[in-house]
Amino acid sequence: MSCDRQLPGADTVYRRRALRRSSCLFAFLVFAALALGGCQSPLPPLPNPPGPHTAVRLSPGDVIKVSYADETIPDQTQKIRRDGKVSLPLIGEVTAAGKRVIDFQHELVRRYEGELENSEVLVTLENGAAAVIISGFANKPGKVVFDRPTTVYQAIMEAGGVSDYGSLSNIHLTRIINGVQRTETINLRPSIRGHPTKPKYVQDGDVIYIARSLF
């Protein structure tokens, strides 16, 4: 009879232990899923990253000056329109966006041959401000405007740095390359800790997303 009285109690203990083991297993699986979701394999670097010595390409919004060797035409200072074009004397509308300054200059020289006695022109970039978008867990997310070579680290610092909830090792840089949106993962922890690193430069139109830290 004593054994009969103990069996229900033993079953209850076993069930509780099994329930605790199941709960622990479930919690472990949830944690593992979150960890794997936040620690995905880094995306590979983008091709041909711009740097301080990368040739500047003209973009809509840039202000250029066209100086003519032929004195019959006054020099032109124009802002590249949203459609990427400028309108110049004698030759009309010309697409400037997407071209290097020197290439655009050579194109104008060719276009002015036959139109002017001296077709030599000089193209200079007067104002080439560019912008990137900082989003996610930054202290001051928004647009950052720059007019000189700027690194991802510098752009994020302009946005107030990574917030307490942001991940220094999980920063996504998105860029449109040949009409396709591409993204790479950047780890800023070595830079923050003062380790020598190769800088990653941004370019106009980039989007930097700072992911949330899981720890």
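Structure first, text after, so check above.
As the structure is a computational prediction, the values presented were derived from the model and not from experiment.

### What to know about the side chain of Thr174
Right, so step 1: The residue Thr174 is located in strand β8 (residues 166-177) in this model.
Right, so step 2: In this structure Thr174 comes out as buried when scored by relative accessible area, which is 15%.
Right, so step 3: Within the local environment of Thr174, its side chain forms a polar contact with the side chain of Thr183, the two groups lying 2.9 Å apart.
Right, so step 4: Look past the residues within four positions of Thr174 in its chain and what remains in contact with it is Gln181, Arg182, Thr183, Asp206 and Val207.

### Considering a nonpolar patch on the surface
Right, so step 1: On the surface, Tyr153, Met157 and Ile192 cluster together into a nonpolar patch covering about 250 Å² of accessible area.
Right, so step 2: Here Tyr153 lies in helix α3 (residues 152-158).
Right, so step 3: Classification of Tyr153 by relative accessible area gives partly exposed; the value is 31%.

### Points about the sheet that holds strand β9 (residues 180-186)
Right, so step 1: Across the sheet, 5 strands lie side by side as β7-β6-β10-β8-β9; this open sheet has mixed pairing. The sheet terminates laterally at β7 (142-146) and β9, the two strands that pair on one side only. Put simply, the sheet's adjacent strands are angled 25° from each other on average, direction ignored.
Right, so step 2: Direction of pairing for strand β6 (residues 130-136) relative to strand β10 (residues 207-212): parallel, over a ladder of 4 bridges. Along β10, the bridge assignment pairs Ile134 with Ile208.

### Notes on the packing of aromatic side chains
Right, so step 1: Counting across every chain of the model gives 1 aromatic pair.
Right, so step 2: With 5.3 Å between their ring centres and 85° between their planes, Tyr68 and Tyr112 make a pair best called edge-to-face. With a gap of 44 residues between them, Tyr68 in strand β1 (residues 63-68) and Tyr112 in helix α2 (residues 101-112) connect regions that are remote in the sequence.

### Brief notes about the pairing of β9
It is a general feature of regular strands that their side chains alternate between the two faces of the sheet.
Right, so step 1: For β8 and β9, the ladder comprises 7 bridges, and the chain directions are antiparallel. Across the sheet, the residue bridging to Thr174 is Thr183, located in β9.
Right, so step 2: Linking β8 to β9, which pair antiparallel, is a turn of 2 residues; within it Asn178 sits at a positive phi near 55°.

### Remarks on the environment of Thr95
Right, so step 1: When you line up the elements, Thr95 lands in strand β4 (residues 92-95).
Right, so step 2: What makes Thr95 partly exposed here is its relative accessible area of 33%.
Right, so step 3: For the pair formed by Thr95 and Leu58, sequence separation is 37 residues and the distance between their alpha carbons is 9.9 Å.
Right, so step 4: In this view, Thr95 contacts Gly84, Lys85, Phe104 and Glu107; residues no more than four positions away in its chain are not counted.

### Structural notes on α2
Right, so step 1: Its 12 residues give α2 an end-to-end C-alpha distance of 17 Å, which sits within 8% of 16 Å, the value for a rise of 1.5 Å per residue.
Right, so step 2: Contact partners of the buried residues in α2: β1, β3 (85-88), β4 and β5 (121-127).
Right, so step 3: Residue Gly114 follows α2 closely and has a positive phi angle near 90°.

Conventions we followed
Residues numbered from 1 in each chain as written. Predicted model: local features only at pLDDT ≥ 70, side-chain atom pairs only at ≥ 80, totals over all residues. Heavy atoms only, no water. Helix = DSSP H or I, 4+ residues; strand = E, 2+ residues; numbered from the N terminus. Buried < 20%, exposed > 50% of the residue type's maximum accessible area, 1.4 Å probe, protein only. Polar contact = N/O pair within 3.5 Å; in protein donor to acceptor, adjacent residues only side chain to side chain. Contact = heavy atoms within 4.5 Å. Patch = residues over 30% accessible without salt bridge, like charges linked within 9 Å, V, L, I, M, F, W, Y side chains within 5 Å. Areas by Shrake-Rupley, 256 points an atom, 1.4 Å probe, with all protein chains shown as cover. Salt bridge = Lys/Arg side-chain N within 4 Å of Asp/Glu carboxyl O. Pairing = 2+ DSSP bridges. Axes fitted to C-alpha atoms, helices over the stretch in contact; angles between N-to-C directions. Phe/Tyr/Trp six-rings, centres within 6.5 Å; stacked < 30°, edge-to-face > 60°. Expected span 1.5 Å × (residues − 1).

Geometric descriptors of this kind do not, in isolation, establish any biological role.
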